[in-house]
Amino acid sequence: MKIEVNNVRRKLGNEEVLKNINLELESGKIYGFIGRNGSGKTMLFRTICGFLKPDTGYVKVDGRDLYKNNEFPKDTAALLEKPNYISDLTGFENLKLLSKIKNIINDDQIMETLKLVNLENEADKKFKKYSLGMKQKLGIAGVLMEDPKIMILDEPFNGLDDESAEKIRKILLKEKEKGKLILIATHIKEDIEILGDVIYKMDKGVIKNKDEKR
Amino acid sequence: MRALIKKDLILFKNISLFYKLLFVIYVIMFVLISRKSNFNNYDIFLIITGSFYKVGSTLCLLSSIIINGILVLLTFYIYRYDLKYNPEFIFLKITRKKWLQSKYISLFIINCLLFIFIAFIYIMLGNKLNLHLGYYLIVIIINKYFLQILLVTLLNHFNFISSLIIFFSLIISPILFKTIILANLYVENYIDNPIIVTIFIIMLIMVSFFLN
C-alpha cells in the first residue's frame, strides 16, 4: 500500500490549514506527525481519509486519486476524533454493529480484538459507562478489528494510563511488522519517538521537518 | 447496509423518553381539542397527522407545523449523526451511495413506525380506524416521506444552511400556486401575495447557491 500526497493545499475560511504538503508513505512503517494543537495534523489526516477535499493537489492511495474518483481509501481504518459510539449499546454490540457493515469478521474476532486492548471484561458494559481511557481503547479496537492495511490514528494515547499506552504501542509495533502502513498524530513527543520510523513535524499547516530513523 | 439501517433504528429507539412523552401528549391533546371543536372522525385523524387544513384554524396550522417539524428534526438527526460523530467508522467501510440508500430506507421505516404509533394512540382514545382511514394513513406516510427524501437529497448536494434555505423555499412554494404540492405545510392564509413570495423564494435560492 502506498499513500501519495502531492502539493496539497486547503483553506478553511481565511486560514490556510494545509500549505503545500508533499508526502510519500509506504507499508511496513509507522509515520508520526507531531505538532501543536492546530498545526494541521488532523486536517491532513482528514484529507488522507477522503473527508476534506484539497483546494489544489491530490491524494492517491494505492494509485487511485481519492478526490478525482470521489471515493474513500480502501482497506483503511481510522480514528480521527474522540470515539463516539451509541451510548446505550455495550462496547461489544457497538463493534459488532459496525463490523456488520463489511461483514468480514465474526463475533470471536471482535472478542479477540477486545482482549487485545484489555477490554474483554468491559465488553458487556454499556458505552455510556465507559471511562475516557476505555472509550479510547474501544476506538482503537474498532480500528484494529478488521485487520486493515492502513491505520490512521489521531491522538491515540489520549486518556490512556501508562500501562494501556504501552500495550497499545506494542500492538502498533506488531501491526507494523505485519506490513501495515500506520499514521499517528500526537502532540506528545515521547509517544512518537518510540514508535515512529519517520517523524514529521508540523506547524501552521506546513511540514517543517522530517526525521527518519535508521 | 442492513447494519446501518439497524443503527438508525437504534438511534430512533434511543430518543429520550422525555421527547417521546411530549409526542404522546401532543397526540392526546390534539385529539381531545379537535373533538371539542366539532371536527369529524376523518378530520381528527388528518389533523393529528398534520395533514388537514381549514381556513383560519390555528389547530390545523399548529399540528401541521408540529408534525412536519418533528419529521424534519428526525431527518436531520438520522442524516447528520453519521457525519457528526466519527464519520470514519462508517465511510471507510461503505460507499456514500450505499450509505445514502440506507438513510432513505431507515427514514421510510421510521416514518411508518411514527404514523402507526399515532394511529395506535388514536384508536386507544376510542376512535375507529376503518379501511378508509387506513388508506389515508398510507397516503400520509408516502406524502411525508417525500418531504424527508427532499431534505436528505438537498443535504447530500448542498451544505447545511443552503439545504435549509432551499428546503423551506420549496415547502412554502405551494403558496405560489394556491395548491398543495409538498409537505402539507399550509401557510397560504398568512402570506398570500404570489409575486412577493416568488421574489422572496428566488432570492432565498440565490443566497443558498452563493453560500454553498
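Residues numbered from 1 in each chain as written. Chains lettered and ligands numbered in written order. Predicted model: local features only at pLDDT ≥ 70, side-chain atom pairs only at ≥ 80, totals over all residues.

Moving on, we come to the overall build of chain B. Along chain B, the regular secondary structure elements total 10 helices and 0 strands. Along its sequence from the N terminus, chain B presents helices and strands in the succession α-α-α-α-α-α-α-α-α-α. When each of the 212 residues of chain B is scored for burial, the buried share is 31%. (Helix = DSSP H or I, 4+ residues; strand = E, 2+ residues; numbered from the N terminus. Buried ≥ 20, exposed ≤ 12 C-beta atoms within 10 Å, placed from the backbone.)

Ranked by size, the top nonpolar core spans 65 residues in total, and within it Phe33, Phe45, Ala78, Ala141, Ile152 and Ile184 of chain A carry the most contacts. In this view, alanine 141 of chain A contacts Leu95, Thr113, Leu114, Val117 and Leu119 of chain A; residues no more than four positions away in its chain are not counted. One finds Val27, Phe30, Val31 and Cys60 of chain B within the second-largest nonpolar core, a separate group that totals 18 residues. (Core = buried A, V, L, I, M, F, W, Y, C linked by C-beta atoms within 7 Å. Contact = placed C-beta atoms within 7 Å.)

Right, let's get into unusual backbone geometry. Residues and elements named next belong to chain A. A positive phi is found at asparagine 20, a non-glycine position, where the angle reads about 50°. Checked against the element boundaries, asparagine 20 lands in strand β2 (residues 15-26). Judged by C-beta crowding, with 14 C-beta atoms within 10 Å, asparagine 20 ranks as partly exposed.

All names here are of chain A. The 6 strands are arranged β6-β7-β8-β3-β9-β10 in an open sheet whose pairing can be described as mixed. On the outer flanks of this sheet lie β6 (76-79) and β10 (206-212), each paired with one strand and no other. Each neighbouring strand pair of the sheet contributes to a mean axis angle of 15°, computed without reference to strand direction. Strand direction decides the pairing type here: β6 and strand β7 (residues 150-154), joined by 4 bridges, are parallel. The partner of alanine 78 across the bridge, within β7, is isoleucine 152. Each of β6 and β7 is contacted by helix α4 (residues 132-144), which is oriented at about 170° to β6, the strand it contacts most. (Pairing = 2+ DSSP bridges. Axes fitted to C-alpha atoms, helices over the stretch in contact; angles between N-to-C directions.)

Moving on to the environment of leucine 138 of chain A. Residues and elements named next belong to chain A. Checked against the element boundaries, leucine 138 lands in helix α4. Separated by 71 residues in the primary sequence, leucine 138 and tyrosine 67 have C-alpha atoms spaced 30 Å apart. Leaving out residues up to four positions away in the same chain, leucine 138 has contacts with Pro83, Tyr85, Gly91, Leu119 and Tyr130.

All names here are of chain B. As a packed pair, helix α2 (residues 17-36) and helix α6 (residues 96-124) sit with axes 10 Å apart at the nearest point and diverge in direction by 50°. Taken together, the axes of α2 and α6 are oblique relative to one another. The two elements α2 and α6 meet at a crossing, and its hand is right-handed. Across the interface between the two elements, Val24, Val27, Ile28 and Val31 of α2 pack against Ile118, Ile121 and Tyr122 of α6. Classifying every residue of the contact of α2 with α6 gives 7 nonpolar, no polar and no charged. (Parallel < 35°, antiparallel > 145°, perpendicular 65-115°, else oblique. Left-handed = near helix turned anticlockwise from the far one by under 90°. Nonpolar A, V, L, I, M, F, W, Y, C, P; charged D, E, K, R; others polar.)

Attention shifts here to the packing of helix α2 (residues 91-102) of chain A against helix α1 (residues 2-13) of chain B. Packing of α2 of chain A against α1 of chain B brings their axes to within 7 Å, and their N-to-C directions diverge by 145°. Together, Leu97, Lys100 and Ile101 of chain A of α2 of chain A and Arg2, Ala3, Leu4, Lys6 and Lys7 of chain B of α1 of chain B make up the contact between the two elements.

What follows concerns the interface of chain B and chain A. At the interface, 17 residues of chain B touch 21 residues of chain A. Listing elements by their share of the side of chain B that touches chain A, those giving two or more residues are α1 and α5 (88-91) of chain B. The leading source of residues in the side of chain B that touches chain A is α1 of chain B, at 7 residues. Its residues assigned to classes, the side of chain B that touches chain A comprises 10 nonpolar, 2 polar and 5 charged.

As a further point, take the confidence of the model for chain B. All names here are of chain B. For chain B, per-residue confidence averages 80 on the pLDDT scale, and residues scoring 70 or more make up 81% of the total. Contacts for the low-pLDDT stretch residues 178-191, under 50 throughout, to residues beyond four places or in other chains number 30 contacts. For this predicted complex, the interface confidence score (ipTM) comes to 0.85, while the overall pTM stands at 0.83. (pLDDT = per-residue confidence, 0-100.)

In a regular helix each residue adds 1.5 Å, so 27 residues correspond to 39 Å; helix α4 (residues 58-84) of chain B covers 36 Å between its end C-alpha atoms and thus fits that length. Once α4 of chain B finishes, asparagine 86 of chain B follows within two positions and takes phi at roughly 45°, a positive value. (Expected span 1.5 Å × (residues − 1).)

Residues and elements named next belong to chain A. What the 4 strands build is an open sheet, ordered β2-β1-β4-β5; its pairing is antiparallel. In the strand order of this sheet, the two ends are held by β2 and β5 (64-65), each with one partner. In this structure, strand β1 (residues 2-12) lies alongside β2, joined through 8 bridges in antiparallel fashion. Within β2, the residue paired with lysine 11 across the bridge is glutamate 16.

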